[in-house]
Amino acid sequence: MDKIVVRGGAPLHGRVRVSGSKNAALPILVSSLLVGGKTTFRNVPGLMDIHSIVCLLSELGATVDRAEDWVTIDASTIDCVEAPYDLVRKMRASILVLGPLVARMGRAKVSMPGGCAIGDRPIDLHLKGLEAMGATIRLEQGYVEAEATRLKGARIVFDTVSVGATENLMMAATLAEGVTILSNAAREPEIIALADVLNAMGAKVEGAGTPELTITGVSHLSPVDTAIIPDRIEAGTFMVAAAMTGGDVEVTACAPEHMEHTLSKLEEVGATLEVGKDSVRVIGPKAIKSVDIRTAPYPGFPTDMQAQFMAMLTLADGASVIHETIFENRFIHVSELKRMGADIVLKGNDVATVKGIKRLSGAQVMASDLRASASLILSGLVAKGETVVNRVYHLDRGYEHIETKLRGLGADIERIKG
Ligand SMILES: CC(=O)N[C@H]1[C@@H](OP(=O)(O)OP(=O)(O)OC[C@H]2O[C@@H](n3ccc(=O)[nH]c3=O)[C@H](O)[C@@H]2O)O[C@H](CO)[C@@H](O)[C@@H]1O
Ligand SMILES: C=C(OP(=O)(O)O)C(=O)O
């Protein structure tokens, strides 16, 4: 497996362009299953997760064409309703095909995704929602089998805010008979992006971005040509890199309006921000100030930025308390950061107290999940000496050419093929 080697020290300078959003692209590519025709998606990031979802759609029989940053998908040719274990285990978002397949084909068989490094990640809300819409659900030999001649509109109140369940049921409801109301729905920019694409296809989705979505089912959807929104987590990762190295970086092709919490926390640590329409210039502070962070569903502080902020706060001028409220086990990076000299005390699985130190020291570290990988690279950028981040498989799921982009900003970073 590849490794990333980082030699710390250089403040980052220059301009970096953000790619299309992984978390928006995944459901939006899946939405092509609802359409009998060729749909074009632009600004699609070159990521392992995109490769995985494209493989899954091809396996289902869709005709997929991909070049540079665009993908066309024609799902009029689908002849299979099974998402096999080997594809689903690589990427949990594969569960998003469940709702669209039942809605379009009347049947789906999808391997249960199971948990992952950041905790148990159940799909009960996806299944309860489909059942409320009239689907019969069976769990057998590690697979979910769902069937419905035609899904029916229903009122669904989510017990917990779930991005994936909101997306799955929103897509399913577009072709259902009657009106579906999703209450306590997720409000992420990726939810709005999906609703916008569905509406462009002819769906009737109202209320995206609020806690209540109303979806009036239609008989069919039509192909569109659409672009994926910028990746707010990739953008945030580069902004943290700029701030913690004391650099001066303009992050371009981003959507600052999706990043309110991340931007305000960057200002709290002392960074100076110049926010444009689709760019943010980040000038790092002389000294990083400690801040407290509590992750929460959007518009709260994103759990997907928690590990990167923790890496920065290891160097703050005091103690910061970080509460992780979304995932049950999203502090695995703590033990690796401690190997680099960080002073972090964990209370249970959800509270970390980070006491700032003068400097981290380079070490061999192991990446456990996607954002943990990013936090270790960021730490390597400021550590004394060499940091080797092992098992970068996770990183490639969610960051397009991160080492090339960081090198463009002056970082001393390389990939060693393994
Ligand atoms: C591909 C994608 O978009 N991934 C994002 C998505 O993941 P994902 O859609 O998997 O995350 P959810 O919003 O569904 O999960 C939020 C919480 O709800 C729980 N839950 C979820 C579904 C369910 O049926 N039952 C249940 O209990 C989860 O275990 C978790 O504790 O949103 C997360 C929260 O912002 C992000 O960290 C991920 O980057
Ligand atoms: C947790 C993440 O992704 P996924 O839901 O695909 O595991 C992430 O993007 O940080």
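Thresholds applied
Residues numbered from 1 in each chain as written. Chains lettered and ligands numbered in written order. Predicted model: local features only at pLDDT ≥ 70, side-chain atom pairs only at ≥ 80, totals over all residues. Heavy atoms only, no water. Near = heavy atom within 4 Å. Polar contact = N/O pair within 3.5 Å; in protein donor to acceptor, adjacent residues only side chain to side chain. Areas by Shrake-Rupley, 256 points an atom, 1.4 Å probe, with all protein chains shown as cover. Core = buried A, V, L, I, M, F, W, Y, C linked by side-chain atoms within 4.5 Å. Buried < 20%, exposed > 50% of the residue type's maximum accessible area, 1.4 Å probe, protein only. Contact = heavy atoms within 4.5 Å. Phe/Tyr/Trp six-rings, centres within 6.5 Å; stacked < 30°, edge-to-face > 60°. Lys NZ or Arg CZ within 6 Å of the ring centre and 35° of its normal. Helix = DSSP H or I, 4+ residues; strand = E, 2+ residues; numbered from the N terminus. Domains from an automatic or database assignment. UniProt positions renumbered as here; feature names shortened; annotations may be inferred. 1 Å grid on protein atoms, 1.4 Å probe; cavity = no way out; pocket = protein on both sides within 12 Å on 5 of 7 lines; lining within 4 Å. Points joined across faces, edges and corners; volume = space filled by probe spheres on them. Nonpolar A, V, L, I, M, F, W, Y, C, P; charged D, E, K, R; others polar.

Visitor: I tried to follow the site of ligand 2 on my own but got confused; where do I start?
Guide: Close to ligand 2 lie Lys 22, Asn 23, Ile 118, Arg 121, Asp 304, Arg 330, Leu 370, Arg 371 and Arg 397. Between Lys 22 and ligand 2, the recorded distance is 2.9 Å, taken from a side-chain N or O atom to an oxygen atom. At a separation of 3.2 Å, an oxygen atom of ligand 2 approaches a polar side-chain atom of Asp 304. The protein chains hide 88% of the 300 Å² of surface that ligand 2 would expose on its own.

Visitor: Where do I start with the nonpolar core in this structure?
Guide: What tends to happen in soluble globular proteins is that the nonpolar side chains get buried as a cluster. In this structure, Leu 29, Leu 151, Met 170 and Leu 198 are the most contacted members of the largest nonpolar core, which totals 78 residues. Every residue in contact with Met 170, bar those within four places of it in the chain, is listed here: Leu 182, Ile 191, Leu 194, Ala 195, Leu 198, Val 205, Leu 213 and Ile 215. Counting 67 residues, the second largest nonpolar core, distinct from the first, contains Met 312, Leu 370, Leu 409 and Ile 413.

Visitor: Just to check I follow, could you spell out the packing of aromatic side chains for this structure?
Guide: Geometry of an aromatic ring pair is reported as the spacing of the ring centres plus the angle between the planes. Scanning all chains against the criterion turns up 1 aromatic pair. Summarising the aromatic geometry, the rings of Phe 301 and Phe 309 are spaced 5.1 Å apart at their centres and angled 90° between planes, so their arrangement reads as edge-to-face. Judged by its relative accessible area of 1%, Phe 301 is buried. Directly above the ring of Tyr 143 sits Lys 109, whose terminal nitrogen or CZ lies 5.0 Å from the centroid.

Visitor: Could you clarify how one ought to interpret the site of ligand 1 in this entry?
Guide: In the vicinity of ligand 1, 20 residues are found, and the nearest of them are Asp 124, Ser 162, Val 163, Asp 304 and Ile 326. Contacts to ligand 1 include Ser 162, whose side-chain N or O atom sits 2.6 Å from an oxygen atom. Burial of ligand 1 by the protein chains amounts to 83% of its free accessible area of 740 Å². Listing elements by their share of the shell around ligand 1, those giving two or more residues are helix H1 (22-30), helix H5 (124-132) and helix H6 (163-174). No other element matches the 3 residues that H5 contributes to the shell around ligand 1. Viewed by domain, the shell around ligand 1 spans two of them, domain 1 (3-19 + 230-416) and domain 2 (22-227), each represented by three or more residues.

Visitor: Quick question: what am I supposed to make of the UniProt feature "binding site: phosphoenolpyruvate" (unreviewed entry) in the protein chain here?
Guide: The UniProt entry lists Lys 22 and Asn 23 under the feature "binding site: phosphoenolpyruvate" (unreviewed entry), expressed in the numbering used here. Lining the largest cavity, from the residues just named, are Lys 22 and Asn 23. Along the chain, Lys 22 turns up in helix H1. Relative accessible area serves as the criterion here: at 7%, Lys 22 is assigned to the buried category. Discounting residues that sit within four places of it in the chain, Lys 22 has contacts with Pro 45, Leu 47, Asp 49, Asp 231, Leu 370, Arg 371, Arg 397 and Gly 398. Among the structural elements, Asn 23 can be located in helix H1. Of the residues examined, Asn 23 reaches a relative accessible area of 25% and is grouped as partly exposed. Beyond its immediate sequence surroundings of up to four residues, Asn 23 is in contact with Glu 167, Glu 190 and Asp 304.

Visitor: Before we go on, may I ask you to explain the UniProt feature "binding site: UDP-N-acetyl-alpha-D-glucosamine" (unreviewed entry) in the protein chain in this structure?
Guide: The positions UniProt marks with the feature "binding site: UDP-N-acetyl-alpha-D-glucosamine" (unreviewed entry) are Arg 92, Arg 121, Pro 122, Ile 123, Asp 124, Leu 125, Asp 304 and Ile 326. Mapped onto the elements of the fold, Arg 92 is located in the loop between helix H3 (85-88) and helix H4 (98-105). The exposure class assigned to Arg 92 is buried, which follows from its relative accessible area of 17%. Not counting residues within four places of it along the chain, the set of residues in contact with Arg 92 comprises Pro 113, Gly 114, Cys 116, Arg 121 and Ile 123. Position of Leu 125 relative to the elements: it lies in helix H5. Residue Leu 125 is classed as buried on the basis of its relative accessible area, which comes to 10%. Residue contacts for Leu 125: discarding those within four places in its chain leaves Phe 158, Asp 159, Thr 160, Ser 162, Ala 165 and Leu 169.

Visitor: Just checking my understanding: could you explain the layout of surface pockets for this structure?
Guide: The probe, sized like a water molecule, is rolled over the atoms to show the empty space still left. Taken as a whole, the second largest pocket encloses approximately 330 Å³ of empty space. As for the second largest pocket, its lining consists of 19 residues, and the residues nearest its centre are Met 244, Lys 286, Ile 288, Leu 315 and Lys 358. Going through the elements one at a time, helix H8 (232-244) and helix H12 (370-382) are the ones with two or more residues in the lining of the second largest pocket. Of the residues contributing to the lining of the second largest pocket, the split by class is 12 nonpolar, 3 polar and 4 charged.

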